[in-house]
Amino acid sequence: MEQASINVAGRQPSARSASQGIDWRVIIVSTVGNALEWFDFTVFSFFASVIAKQFFPSENPTAAILATWTTFGVGFLTRPLGGIVIGNLADRRGRKSALLVTISVMAVGVAVITFAPTYAQVGLAAPIFMLVGRFLQGFSAGGEVGSATAFLVEHAPVERRGLYGSFQMIAQACSMVLGAAVSVGITEMLTPEQISAFGWRIPFAIGLLIVPVGLYVRSRLSESPVYLDARHTAPPVKRAPFLESLVSHWRLVLAGFGMTIYGTIGTYLFYYYMPSYATGSLGLSFKSGVTASLFAAFAYIAGTLFSGAISDRIGRKKPMVASALISLLTAYPLFRLVGTMPTLVVLTFVQCWLMFVLGLFQGAYCAFVCELFPARVRATSLAIGYNFAVMIFGGFAGAVATMLISWTGEKMSVVYYGMFGAAVGLITVLCLKERARQPLL
């Protein structure tokens, strides 16, 4: 009765096979929340200086922008909390219930930011509104990653888990490109005064329009067949999924944490930090930095899609090991190359190479990390490792890179942070067993 009530297609959930083709509904349902998060992330990054003036007025511009980025960082600090709370819901009540909660909370957070009154209108309440919005966004994003990734991979045929999982990372990259394109378009169409008055809100409002679609499609799709099977066949968990993850699966949680370190450092350093590095350390224009990053996003998509597909044939470990090893060996000479020849062409080549190589790791990542855990704690365990790694190593990536340059006086020093991430990812993957062709637990 339970399976029939949630299976909108009228068939047994586990009956789907690779011969039926890709189920795009599952991919859209699983990636829409992640895409919205990264779209907002990109938009906030572009308009941080405008938001600083509107919500954190100060005679010291540096203090205002610092306050803005501190508020933005709250979203990273609340990710682990969201991962634990909503991951527990996903493992106790189902992936579908958790996904409906995450996109609803995310909608409230985006709405608060979109319509928040400015400091000139409500005084000190303005930064509080922004803080609340970022808190809700981070909380929902933390719960989204574990629940949505588990839902996506559990719906996939065993022969296509890598390909299905890769779309989670592809959605991030597409949102990066879309967020950058929308932000640049607004700066081209509107005057600086118009952007300060209302223009910066437009991208967030566009993101908000995605929410009703996400709610509708998530309410219509079947629950994960793997979760349903585990619920009926596996012995019940006596402890909360959070405690079960830490007590019984702490080594695998640590493995998920280690794999995420490389992915998150690479994304923030090789993509988000590079425009600042291009202007601040290489003397290139901001336009050149953004242009190179846009090309790099497409290279990342290509690498991710290729890796996800090929990992279903040769296993997850081979493309992931190759990615981390190539990054470890080529990052330093490539940074030296762009340091000695700081041109748009060289920067684009370097960034595209690094992001394509990173995509080889990320494309197989989602399926591999899901295959580590049993269904009864999968969403929670995945979320713990992922969100703590993103909070620690991703949220502070820009600050670490800036401090390395300041401490050493050498602009090349930022590459050591990326090499550290690649080394951790390489060691972690080498220590794990391959489970690409095995049924999910």
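Residues numbered from 1 in each chain as written. Predicted model: local features only at pLDDT ≥ 70, side-chain atom pairs only at ≥ 80, totals over all residues. Heavy atoms only, no water.

Participant: Which parts of the structure should I look at to understand the confidence of the model for the protein?
Facilitator: The predicted structure's coordinates, where accompanied by low pLDDT, should not be read in detail. On average, residues of the protein score 86 in pLDDT, and 91% of them are at 70 or above. Across the protein, the secondary-structure element scoring lowest on mean pLDDT is helix H1 (residues 2-6), at 35, and the one scoring highest is helix H18 (residues 344-370), at 96. (pLDDT = per-residue confidence, 0-100. Helix = DSSP H or I, 4+ residues; strand = E, 2+ residues; numbered from the N terminus.)

Participant: What exactly am I supposed to notice about a nonpolar patch on the surface here?
Facilitator: Among the surface-exposed residues, Leu 81, Val 85 and Phe 135 lie close enough to one another that they form a single nonpolar patch of about 240 Å² accessible area. Turning to its location among the elements, Val 85 is positioned in helix H5 (residues 79-93). Here Val 85 falls in the partly exposed class, since its relative accessible area comes to 43%. (Patch = residues over 30% accessible without salt bridge, like charges linked within 9 Å, V, L, I, M, F, W, Y side chains within 5 Å. Areas by Shrake-Rupley, 256 points an atom, 1.4 Å probe, with all protein chains shown as cover. Salt bridge = Lys/Arg side-chain N within 4 Å of Asp/Glu carboxyl O. Buried < 20%, exposed > 50% of the residue type's maximum accessible area, 1.4 Å probe, protein only.)

Participant: Looking at this model, I keep getting lost on the packing of helix H6 (residues 95-115) against helix H8 (residues 125-155). Mind explaining?
Facilitator: Between two packed helices, the angle of one axis relative to the other and the distance separating the axes together describe the packing. Two numbers describe how H6 lies on H8: the axes approach to 8 Å, and their chain directions differ by 155 degrees. With respect to H8, the element H6 is oriented roughly antiparallel. The two elements H6 and H8 meet at a crossing, and its hand is left-handed. Its residues placed into classes, the contact of H6 with H8 shows 16 nonpolar, seven polar and five charged. (Axes fitted to C-alpha atoms, helices over the stretch in contact; angles between N-to-C directions. Parallel < 35°, antiparallel > 145°, perpendicular 65-115°, else oblique. Left-handed = near helix turned anticlockwise from the far one by under 90°. Nonpolar A, V, L, I, M, F, W, Y, C, P; charged D, E, K, R; others polar.)

Participant: Explain the pattern of salt bridges to me, please; I cannot follow it from the model alone.
Facilitator: Tallying each qualifying case throughout the model produces ten salt bridges. Where Arg 161 meets Glu 371, a salt bridge forms, and the shortest distance between an N and an O atom there is 3.0 Å. Residue Arg 161 is found in helix H9 (residues 161-189), and its partner Glu 371 is found in the loop between H18 and helix H19 (378-394); the two are separated by 210 residues along the sequence. Looking at Arg 161, the relative accessible area reads 3%, which means it is buried. Between Glu 244 and Arg 376 there is a salt bridge, with the nearest N and O atoms lying 3.7 Å from each other. Here Glu 244 is found in helix H13 (residues 241-248), whereas its partner Arg 376 is found in the loop between H18 and H19, with 132 residues between them in sequence. For Arg 376, a relative accessible area of 28% translates into the label partly exposed. One salt-bridge network, in which partners are shared between bridges, spans Asp 91, Arg 95, Glu 154 and Arg 378.

Participant: What is the right way to look at the side chain of Ser 30 in this model?
Facilitator: Tracing the chain through its elements places Ser 30 in helix H2 (residues 24-46). Apart from the residues lying within four places of it in its own chain, the contact partners of Ser 30 are Glu 144, Ala 148, Phe 151, Leu 152, Gln 168 and Arg 218. (Contact = heavy atoms within 4.5 Å.)

Participant: I would appreciate a short explanation of the packing of aromatic side chains in the present structure.
Facilitator: Aromatic rings in a pair are described by how distant their centres are and how their planes are angled relative to each other. Counting across every chain of the model gives 21 aromatic pairs. Judged by centre distance (5.6 Å) and plane angle (70 degrees), the ring pair of Phe 41 and Tyr 268 falls under edge-to-face. Taken together, the residues span a long stretch of sequence, with Phe 41 in helix H2 and Tyr 268 in helix H14 (residues 250-272) at a distance of 227 residues. For Phe 41, a relative accessible area of 11% corresponds to the buried category. Their ring planes at 65 degrees and their centres at 5.9 Å tell us that Phe 257 and Phe 393 sit as a pair that is edge-to-face. Of this pair, Phe 257 sits in helix H14 while Phe 393 sits in helix H19, and the two are 136 residues apart along the sequence. The pair Phe 257 / Phe 393 is uniform in exposure class, with both members buried. Here the guanidinium or amino end of Arg 134 rests over the ring plane of Phe 44, the centre of that ring lying 6.0 Å away. (Phe/Tyr/Trp six-rings, centres within 6.5 Å; stacked < 30°, edge-to-face > 60°. Lys NZ or Arg CZ within 6 Å of the ring centre and 35° of its normal.)

Participant: What is the right way to look at H14 in this model?
Facilitator: Count 3.6 residues to each turn of an α-helix, and residues three or four apart come out pointing the same way. Compared with an ideal rise of 1.5 Å per residue, which puts 23 residues at 33 Å, H14 spans 31 Å between its outermost C-alpha atoms and is within 8% of the ideal. Its axis deflected by about 25 degrees at Thr 260, H14 carries its strongest bend there. With respect to burial, H14 is a largely interior element, 19 of its 23 residues being buried. (Expected span 1.5 Å × (residues − 1). Bend = angle between axes of the 7 residues up to and from the residue.)

Participant: I keep staring at helix H17 (residues 317-340) and nothing clicks. Help me out?
Facilitator: Taking 1.5 Å of rise per residue, 24 residues should cover 34 Å, and H17 covers 35 Å from first to last C-alpha, within 8% of that figure. Taking the largest bend as the criterion, H17 deviates by roughly 40 degrees, centred on Thr 330, and proline Pro 333 comes between one and four positions later. All of the buried residues in H17 are Lys 317, Pro 319, Met 320, Val 321, Ser 323, Ala 324, Ser 327, Ala 331, Leu 334, Phe 335, Val 338 and Gly 339. Taken together, the buried residues of H17 touch H14, helix H15 (274-280), helix H16 (286-314), H18 and helix H21 (415-430).

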